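Below, each chain spelled out in residue letters.
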Amino acid sequence: RNAMGLSILVSNKTSKPFSELGYYLDANAHYLAQHQAVIGVTHNDLNAMPSLNEYKRFILARGESWQVMKVDARKPDDMLRLVKTLLDMTLEHG
């Protein structure tokens, strides 16, 4: 409730990553109307598809414009980059 924004991790390993992403975006729609979000796509080493461009098209088709990036949740630097991106977006857009 008091968070500055929302980070969502989506696994490219699942059979329906867009359904899962849509679920979390829908479940948090009220919050996201006032806050920023960043989407981290994991398990790209196990499955390269869907691509980041496909995620971006999915988000744009919903009328949203969240940042999408590949991350390895096991790597602290990747997770810090995800959080830094969210903080930068929050500071830039409020």
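As the structure is a computational prediction, the values presented were derived from the model and not from experiment. (Residues numbered from 1 in each chain as written. Predicted model: local features only at pLDDT ≥ 70, side-chain atom pairs only at ≥ 80, totals over all residues. Heavy atoms only, no water.)

Peer 1: Sorry if this is basic, but what is going on with the packing of aromatic side chains here?
Peer 2: For any two aromatic rings, the description comes down to two numbers: the centre-to-centre distance and the angle of the planes. Enumeration over the complete set of coordinates arrives at three aromatic pairs. Considering the side-chain rings of Tyr 23 and Tyr 24, the 5.1 Å spacing of their centres and the 80° angle between planes classify their relative orientation as edge-to-face. For Tyr 23, a relative accessible area of 53% gives the class exposed. For Tyr 24, a relative accessible area of 40% puts it in the partly exposed group. (Phe/Tyr/Trp six-rings, centres within 6.5 Å; stacked < 30°, edge-to-face > 60°. Buried < 20%, exposed > 50% of the residue type's maximum accessible area, 1.4 Å probe, protein only.)

Peer 1: I keep staring at the environment of Lys 56 and nothing clicks. Help me out?
Peer 2: With respect to the element layout, Lys 56 can be found in helix α3 (residues 52-61). Using a relative accessible area of 37% as the deciding quantity, one classes Lys 56 as partly exposed. Along the sequence, Lys 56 and Leu 21 sit 35 residues apart, while their C-alpha atoms lie 12 Å from each other. (Helix = DSSP H or I, 4+ residues; strand = E, 2+ residues; numbered from the N terminus.)

Peer 1: Could you clarify how one ought to interpret the pattern of salt bridges in this entry?
Peer 2: Applying the stated criterion to the full structure yields five salt bridges. The partner of Arg 62 in a salt bridge is Glu 64, and the shortest N-O contact between them spans 2.9 Å. Take Glu 64: its relative accessible area is 18%, and that puts it in the buried class. A salt bridge links Arg 81 to Asp 78, with the nearest nitrogen and oxygen atoms 3.8 Å apart. Note that Arg 81 and Asp 78 are positioned in helix α4 (residues 76-93) at a spacing of three residues, about one turn of the helix. We classify Arg 81 as partly exposed; its relative accessible area is 35%. One continuous salt-bridge network, built from bridges that share partners, spans Asp 26, Arg 62 and Glu 64. (Salt bridge = Lys/Arg side-chain N within 4 Å of Asp/Glu carboxyl O.)

Peer 1: For this particular structure, what's the right way to read a nonpolar patch on the surface?
Peer 2: Residues Met 4, Val 83, Leu 87 and Leu 91 make up a contiguous nonpolar surface patch of roughly 380 Å² in combined accessible area. With respect to the element layout, Val 83 can be found in helix α4. (Patch = residues over 30% accessible without salt bridge, like charges linked within 9 Å, V, L, I, M, F, W, Y side chains within 5 Å. Areas by Shrake-Rupley, 256 points an atom, 1.4 Å probe, with all protein chains shown as cover.)

Peer 1: Any chance you could explain the side chain of Thr 42 here in plain terms?
Peer 2: Structurally, Thr 42 can be placed in strand β2 (residues 36-42). Look at Thr 42 and you get buried, because its relative accessible area is 7%. Within polar-contact distance, the side chain of Thr 42 engages the side chain of His 43 at 3.0 Å. Not counting chain neighbours up to four residues away, the residues in contact with Thr 42 comprise Leu 9, Val 10, Ser 11, Asn 12, Val 71 and Ala 73. (Polar contact = N/O pair within 3.5 Å; in protein donor to acceptor, adjacent residues only side chain to side chain. Contact = heavy atoms within 4.5 Å.)

Peer 1: How do you make sense of the environment of Asp 88 when you look at a structure like this?
Peer 2: By the secondary structure assignment, Asp 88 is in helix α4. Considered as a pair, Asp 88 and Gln 36 are 52 residues apart in the sequence and their alpha carbons are 9.9 Å apart.

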